[in-house]
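Tertiary structure, described
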Amino acid sequence: MATRRHMLDEALSIGRRELGFLAEGDVFEAEKLAHDRGRIIDEAIANLDQGNLEKLADKLVEMKSLHDEITDEARKLHASLKHDLASIKKQNRRIAGYSFGAGNMPRLARERFISKKG
């Protein structure tokens, strides 16, 4: 039982590091840590009966709380990225409009007109 408690402590430590990476915006490192955390938790609670699960309840509740924090941070990051992508898309449309207005036509648009010189 002490080994499983230690595994849950390790998973909590990894979860805190994962939360830090998410706060920094490093989703690739956070993803690696999330996989490690999930694997460790699965190993820690595998084949436990109800009585032993209740003995680890304090750690599991702490893990749930940390998981909720990680999920909230991931949602904030997702919303931020969604907003950034929408603004970049809007900016690209605006720049394309300026480019077209300045006389720069895409190649396909130029080729569909008949040349009087040819």
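Description of the structure in this document. (Residues numbered from 1 in each chain as written. Predicted model: local features only at pLDDT ≥ 70, side-chain atom pairs only at ≥ 80, totals over all residues. Heavy atoms only, no water.)

Details of the side chain of R37
Filter applied, for reference: Segments assigned H or I by DSSP are reported as helices when at least four residues long, segments assigned E as strands when at least two residues long, and all are numbered from the N terminus. Here a polar contact is recorded for every N or O atom pair within 3.5 Å, except that within protein the pair must consist of a potential hydrogen donor and a potential acceptor, and residues adjacent in sequence are included only if both atoms are side-chain atoms. In what follows, a contact means two residues having at least one pair of non-hydrogen atoms within 4.5 Å.
Here R37 is to be found in helix 2 (residues 27-45). Within the local environment of R37, its side chain forms a polar contact with the side chain of E18, the two groups lying 2.7 Å apart. With residues near it in sequence (within four places) discarded, R37 still touches A11, I14, G15, E18, M63, H67 and I70.

What to know about helix 2
Keep this limit in mind: Here a helix's expected span is defined as the number of its residues, less one, multiplied by 1.5 Å. For every residue, the accessible area (1.4 Å probe, protein chains only) is compared with the maximum for its type, and the residue is labelled buried under 20%, exposed over 50%, or partly exposed between those bounds. The directions from the helix axis to the C-beta atoms are what the arc is built from.
For helix 2, built from 19 residues, the straight-helix expectation of 27 Å at 1.5 Å per residue is met to within 8% by its first-to-last C-alpha distance of 26 Å. Taken together, the buried positions of helix 2 are occupied by A30, L33, R37, I40, I41 and A44. Looking straight down helix 2, one finds its buried side chains confined to an arc of 100 degrees; they lie on one side. Set apart from the buried face of helix 2 by more than 90 degrees, the exposed residues are F28, K32, H35 and D42. Two residues or fewer past helix 2, N47 is found with a positive phi of approximately 60 degrees.

Overview of unusual backbone geometry
One non-glycine residue, N47, lies in the positive phi region at around 60 degrees. Examined against the element boundaries, N47 turns out to sit in the loop between helix 2 and helix 3 (50-55). Residue classification places N47 among the exposed residues on the basis of a relative accessible area of 80%.

A closer look at the packing of helix 1 (residues 2-24) against helix 2
Short version of the rule: Throughout, an axis means a line fitted to C-alpha atoms (over the contacting stretch in the case of helices), and angles, computed between N-to-C directions, take values from 0 to 180 degrees. Roughly parallel means an angle under 35 degrees; roughly antiparallel means over 145; roughly perpendicular covers 65 to 115; every other angle is labelled oblique. The handedness criterion is simple: a crossing whose near helix is rotated anticlockwise from the far helix by less than a right angle is left-handed, and one whose near helix is rotated clockwise is right-handed.
Closest axis-to-axis distance for the helix 1/helix 2 pair is 9 Å, and the angle between their directions is 165 degrees. Here helix 1 is positioned roughly antiparallel relative to helix 2, judged by the angle of their axes. Classified by chirality, the crossing of helix 2 by helix 1 is left-handed. In this structure, helix 1 contributes R4, M7, L8, E10, A11, I14, G15, R17, E18, F21 and L22 to the contact, and helix 2 contributes V27, E29, A30, L33, A34, D36, R37, I40, I41, E43, A44 and I45.

A look at the pattern of salt bridges
Applicable threshold: Salt bridges are defined by distance alone: a side-chain nitrogen of Lys or Arg within 4 Å of a carboxyl oxygen of Asp or Glu.
With the rule as written, the count across this model stands at 7 salt bridges. When the shortest N-O distance is used, the salt bridge between D9 and K59 registers 2.5 Å. Placement of the pair is D9 in helix 1 and K59 in helix 4 (residues 57-101), with a sequence separation of 50 residues. The exposure class assigned to D9 is partly exposed, which follows from its relative accessible area of 31%. Classification of K59 as buried rests on a relative accessible area of 15%. As a salt-bridge pair, E62 and R16 come within 2.9 Å of each other at their nearest N and O atoms. Of this pair, E62 sits in helix 4 while R16 sits in helix 1, and the two are 46 residues apart along the sequence.

Everything listed here is a matter of coordinates, which is why it stays silent on function.
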